[in-house]
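Residue-level structural notes
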Amino acid sequence: MSNVWNEQKDVTPTPEEVESVAALLEGEHGMLAADIAEFFAAHHSLDGDVSRSWAWTGVADRIRDREQRRLTGSR
């Protein structure tokens, strides 16, 4: 089986993937997690990779949503 990169492949993450990456970044980087996700979003945006930039922006948004829920005690 060949492992060939296909630039046309849809990289839109599922909600579960976004949640998993958000949890991983929070676990590894704590309060810096959203900033790290935004860094990757900016990096991909500057490279012209809009779909990956959008995906990382979604991760940053999810991290901030999770943080807000923790601060307010809501689920």
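The structure displayed is predicted, hence computed values, not measured ones. (Residues numbered from 1 in each chain as written. Predicted model: local features only at pLDDT ≥ 70, side-chain atom pairs only at ≥ 80, totals over all residues. Heavy atoms only, no water.)

The subject of this paragraph is the nonpolar core. Core analysis: the largest hydrophobic core is formed by nine residues, namely Val 18, Ala 22, Leu 25, Ala 33, Ala 34, Ala 37, Val 59, Ala 60 and Ile 63. Elements with a contribution of two residues or more to this core: helix 1 (15-29), helix 2 (33-46) and helix 3 (50-72). When near neighbours in sequence (up to four residues on either side) are disregarded, Ile 63 contacts Ala 22, Leu 25, Glu 26, Ala 33, Ala 34 and Ala 37. (Core = buried A, V, L, I, M, F, W, Y, C linked by side-chain atoms within 4.5 Å. Buried < 20%, exposed > 50% of the residue type's maximum accessible area, 1.4 Å probe, protein only. Helix = DSSP H or I, 4+ residues; strand = E, 2+ residues; numbered from the N terminus. Contact = heavy atoms within 4.5 Å.)

Given 3.6 residues per helical turn, the α-helix brings residues three or four places apart onto the same face. Taking 1.5 Å per residue, 15 residues should reach 21 Å; helix 1 reaches 21 Å between its end C-alpha atoms and fits that length. Of all the residues in helix 1, the buried ones are Val 18, Ala 22, Leu 25 and Glu 26. Across the axial projection of helix 1, the buried residues extend over an arc of 100°, all falling on one side. Counted as exposed and oriented over 90 degrees from the buried face of helix 1: Glu 16, Leu 24, Gly 27 and Glu 28. In this fold, the buried residues of helix 1 make contact with helix 2 and helix 3. One or two residues past the end of helix 1 sits Gly 30, with phi positive at roughly 55°. (Expected span 1.5 Å × (residues − 1). Arc of directions from axis to C-beta.)

Honestly, it's all geometry; don't read function into it.
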